[in-house]
Every structure is written in structure tokens, then in C-alpha cells.
Amino acid sequence: MPLEALLFDVDGTLADTERDGHRIAYNAAFAEAGLDWDWTVSLYGELLAITGGKERILHYIETQCPNFQRPPDLKGYIADLHDIKTRHFTQLVHRGGIAARPGVKRLLFEARQAGLRLAIATTTTPENVQALLNTSFDGVEDWFEVIGAGDVVPNKKPAADIYSYVMEKMGLHPDRCLALEDSFNGLQSSLAAGVQTLISYNAYTQDHDFSGAALVVDHLGEPDMPCQMTYTGTVSNGATYVDLELLKRLHGAQ
Ligand code: XBP
Ligand code: MG
């Protein structure tokens, strides 16, 4: 099966958004709402096991805030708090606060030039994706045929839903796609949807279990910035960074 499409995760894969982006935005929202909650770098690393911002806030309330006076409409309260967080996050992105990870723009450009189809499969809120693609990625939003994001599916990662949704919209079989992810939950989601997956991990996810990934790298790399590849097969063929040729070889070897 030829490789026809690349399906990209967003947070942690396109950009390191979590520690200095989402975490800061949550804390700003908590302060604005008069809450004394502080999601430190290490606490946030633990909370990342719960995907989705609203789900993460609920989990935090349930596990770490025994004295919190729950409002009668807790779901509505969390949704409002999360809206404030989204405003802070998108403002931070528009201020240029989040840079693309190494090699991502180059790979997107190569894939686009070669006529591959591109899509996004993410847990994050659609506004966050738009803000990121239109600022940190120089306005490439319309390069993506489908942007599957947030509450558009009933079950967030690690469920397969968001990948299945995107491929159904594109009329594509998983055998013709390759996913790029950064985390255990993301990998479970793409694999459950039957998609071969490359992992580009980051500081929060470096110790995750990536069993089942086709290739694991510390970042995609650049011609002058080699990446570290964890791969036991031969298709890497001396490559020092991830380019489209390598992805095609990986895909052909599966
Ligand atoms: C990342 C997430 C998201 C973000 C916050 O998932 O779990 O919840 O941390 O985004 P992915 P929201 O890597 O699959 O994008 O607050 O908008 O939910
Ligand atoms: Mg991710």
C-alpha cells in the first residue's frame, strides 16, 4: 500500500505546547477565576495522563481538592473555566510564545510538495490548533484536509475515535496512513485505529512505553541537527533525520 497521508498529533508533536503553553494558560485561568490552584511542572506531568483539558480539571478536582466547594453545575463550571484557559492559551500563541519543534515545518513542506494528504488528529480544542498553525507554523492551516480536534468525537485518546474520524472523513484506509505522535496515550489511539506510528518524544513523554511504534526519535531532526533514532530494523539506512523518504521506507517495510 503506498503512503498517501500523514496524520499529525498537535500537543507535544508539532510543538512543545504543554509545559510553557497549556500549563501556563491553566494557571492563568485559575487565577482569573479566583482559585489558588497551581499546576507545577511536575504535577502537570502527572496530570497529562488524563487527556483533554476539561477531563484533566475534573480529575484534579476529584483527586486533589477535597475541600473544593463544588458548584451545583460542576460540568458547566469546568466548561467556563476551560473557555478562559483557551483564551489565555490562544493569546500566548498569538504573542509568538510557542515555537515549532525541529524538523516539523520541513517535513510538512516536503509532504506537501510530494502531494501527500495531511490531517490533524488531536485531543486539544480546535481554536488552539488554528492559533498554532496560523502563527507558529506561518499560516499552514489550509494545508490540512481535515482537522479532527477536541470534542468532535465521544472518546478522546487513548481511544481510537479521533484517528478513525479523520480517516473516515478522508475516505482513507489506515494502511495508507502514517501517524506522528509524542505520547503513550497518542500511540494507543493511533495503533487502535490501525495506523502505523512514528513517535517523536519530548521531556514529558521520554519515559513512556512506545511498544508498537514503527520508529522512535527524540525529535524529527534537520540536516544539520541529527536526531536520535531508536529502531531495530534496517530501513533507517544511515539517516540522521526524519524526511519523507525515510517515512516511505518505513511504511513500505511494515
Ligand atoms: C493533548 C491534550 C490536551 C492539551 C490541552 O492531546 O491532552 O488536553 O493538554 O488541550 P494531544 P485542551 O497531544 O492529542 O493533542 O485544554 O484544549 O483540552
Ligand atoms: Mg500529543
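Throughout, a residue's number is its position along its own chain's written sequence, starting from 1. Naming scheme: in the order in which they are written, chains are lettered from A and ligands are numbered from 1. Restriction of local features to residues with pLDDT of at least 70 applies here, the model being predicted, together with a cutoff of 80 or more for giving and counting side-chain atom pairs; totals for whole chains, interfaces and linings are based on all residues. The side-chain figures draw on all heavy atoms in the structure; neither hydrogens nor water molecules are used.

## Details of the overall build of the protein chain
Convention followed: Strands here are runs of E lasting at least two residues and helices are runs of H or I lasting at least four, both read from the DSSP assignment and numbered beginning at the N terminus. Here the globule rule is a power law, 2.2 Å times the number of residues to the power 0.38, and the radius of gyration is based on C-alpha atoms. Relative accessibility thresholds used throughout: buried, under 20% of the residue-type maximum; exposed, over 50%; partly exposed, between the two (1.4 Å probe, protein chains only). Each accessible area is a Shrake-Rupley result for a 1.4 Å probe, and residues are judged covered by the shown protein chains and nothing else. Counted as positive: Lys and Arg. Counted as negative: Asp and Glu. His and the chain ends are not counted at all. To locate a charge, take NZ of a lysine, CZ of an arginine, CG of an aspartate or CD of a glutamate.
Check the secondary structure of the protein chain and you find nine helices and seven strands. Taking 18 Å as the expected radius of gyration for a compact globule of 254 residues, we find that the protein chain reaches 18 Å, a close match to that expectation. The principal-axis extent of the C-alpha atoms belonging to the protein chain is close to 60 × 35 × 35 Å. Scored against the burial criterion, the 254 residues of the protein chain give a buried share of 52%. Summing over all exposed atoms, the protein chain offers an accessible surface of approximately 11400 Å²; the carbon and sulfur share of this is 48%. Distance between charge centroids for the protein chain: 2 Å, based on 20 positive and 34 negative side chains.

## Some details on the coordination of the magnesium ion (ligand 2)
Stated precisely, the cut-off is as follows: Counted as donors are N, O and S atoms no farther than 2.8 Å from the metal, or 3.2 Å for Na, K and Ca; water is not among the atoms, and sites may therefore look incomplete.
Donor atoms from the polypeptide that coordinate the magnesium ion (ligand 2) comprise Asp9 (OD), Asp11 (O) and Asp182 (OD), at 2.2 Å from the metal. Ordering the donors of the magnesium ion (ligand 2) by residue number gives the pattern D-x1-D-x170-D. Side by side, Asp9 and Asp11 carry an identical accessibility label, which is buried.

## Thoughts on a negative patch on the surface
As a reminder of what qualifies: Two joining distances apply to patches: 9 Å for like charges and 5 Å for nonpolar side chains (Val, Leu, Ile, Met, Phe, Trp, Tyr), and every residue must have over 30% relative accessible area and no salt bridge. Definition used for salt bridges: Asp or Glu carboxyl oxygen within 4 Å of a side-chain nitrogen of Lys or Arg.
Judged by side-chain charge, Asp73, Asp80, Asp83 and Glu127 come together as a negatively charged surface patch. Its location among the elements puts Glu127 in helix α6 (residues 126-135). Residue classification places Glu127 among the partly exposed residues on the basis of a relative accessible area of 41%.

## Some remarks on the packing of aromatic side chains
Here is the rule we go by: Stacked, edge-to-face and tilted are the three classes for Phe, Tyr and Trp ring pairs, Trp counted by its six-membered ring, which pair at centre distances within 6.5 Å; planes under 30 degrees apart are stacked, over 60 edge-to-face, the rest tilted. Whether a charge sits over a ring depends on NZ of Lys or CZ of Arg being within 6 Å of the ring centre and within 35 degrees of the ring normal.
Tallying each qualifying case throughout the model produces 14 aromatic pairs. Considering the side-chain rings of Trp37 and Tyr60, the 5.3 Å spacing of their centres and the 70° angle between planes classify their relative orientation as edge-to-face. Within this pair, whereas Trp37 is found in the loop between α1 (18-32) and α2 (41-47), its partner Tyr60 is found in helix α3 (residues 53-64), the two being separated by 23 residues in sequence. Aromatic side chains Tyr44 and Tyr204 sit 6.1 Å apart centroid to centroid with 65° between the ring planes, which places their arrangement in the edge-to-face category. Remark: Tyr204 occurs in the loop between β5 (196-200) and β6 (215-217) and Tyr44 occurs in helix α2; sequence separation between them is 160 residues. Since its relative accessible area comes to 0%, Tyr44 is described here as buried. The ring of Tyr26 carries Lys85 above its face, with NZ or CZ at 4.5 Å from the centroid.

## A word on α1
The line we're drawing: Helix span is expected to be 1.5 Å times the residue number reduced by one. Contacts were defined at the residue level, with two residues in contact if any of their heavy atoms lie within 4.5 Å.
In a regular helix each residue adds 1.5 Å, so 15 residues correspond to 21 Å; α1 covers 20 Å between its end C-alpha atoms and thus fits that length. Among the residues of α1, Glu18, Gly21, His22, Arg23, Ala25, Tyr26, Asn27, Ala29 and Phe30 are the ones counted as buried. In this structure, the buried side of α1 is in contact with α2, α3, α4 (74-94) and α6. Where α1 ends, the next residue or the one after it, Gly34, has phi of about 80°, a positive value.

## Things to note about the site of ligand 1
We count it as follows: Consider each residue's heavy atoms; a residue with any of them within 4 Å of a molecule or strand counts as near. Method remark: on a 1 Å grid restricted to protein atoms, a set of points is classed as a cavity if a 1.4 Å probe fits but cannot get out and as a pocket if it is open with protein on both sides within 12 Å along at least five of seven lines; lining residues have an atom within 4 Å of a point. For a cavity or pocket, the test is whether more than half of a molecule's atoms lie within 2 Å of its grid points; if they do, the molecule sits there.
Lining the immediate environment of ligand 1, one finds 18 residues, of which Gly53, His82, Lys85, Thr122 and Thr125 sit closest. Look at ligand 1: alone it shows 450 Å² of surface, and the protein chains cover 96% of it. Judged by its atoms lying within 2 Å of the grid points, ligand 1 is housed in the largest pocket. At the level of secondary structure, the elements contributing two or more residues to the shell around ligand 1 comprise α1, α3 and α4. In terms of residue count, the dominant contributor to the shell around ligand 1 is α1 (three residues).

## Topic: the domain arrangement of the protein chain
Selection criterion: Note that domain bounds follow an automatic or database assignment of domains. Summed over both partners, the accessible area (1.4 Å probe) lost when two parts come together is defined as the buried area. Any pair of N or O atoms that falls within 3.5 Å is considered a polar contact. Within protein, one atom must be able to donate a hydrogen and the other to accept it, and sequence-neighbouring residues count only if both atoms are side-chain atoms. Ten residue types, Ala, Val, Leu, Ile, Met, Phe, Trp, Tyr, Cys and Pro, are classed as nonpolar, four, Asp, Glu, Lys and Arg, as charged, and the remainder, Gly among them, as polar.
The domain boundaries assigned to the protein chain delineate domain 1 (5-17 + 98-252) and domain 2 (18-94). Distance from the C-alpha centre of domain 1 to the C-alpha centre of domain 2: 26 Å. Contacts between the two partners involve 18 residues from domain 1 and, on the opposite side, 23 residues from domain 2. When the two sides are added together, the surface that domain 1 and domain 2 hide from each other amounts to roughly 1500 Å², 57% of it contributed by carbon and sulfur. A per-residue breakdown of the area domain 1 buries against domain 2 is headed by Thr17, Asn128 and Tyr204, which together make up 38% of the total. The interface formed by domain 1 and domain 2 holds two salt bridges in total. The partner of Lys156 in a salt bridge is Glu55, with the nearest N and O atoms 3.1 Å apart. Scanning the region where domain 1 abuts domain 2 turns up eight residue pairs in polar contact (both at pLDDT 80 or more). A total of five residues in the side of domain 1 that touches domain 2 trace back to one element, the largest contributor, which is α6. Looking at the side of domain 1 that touches domain 2 residue by residue, the class counts come to four nonpolar, eight polar and six charged.

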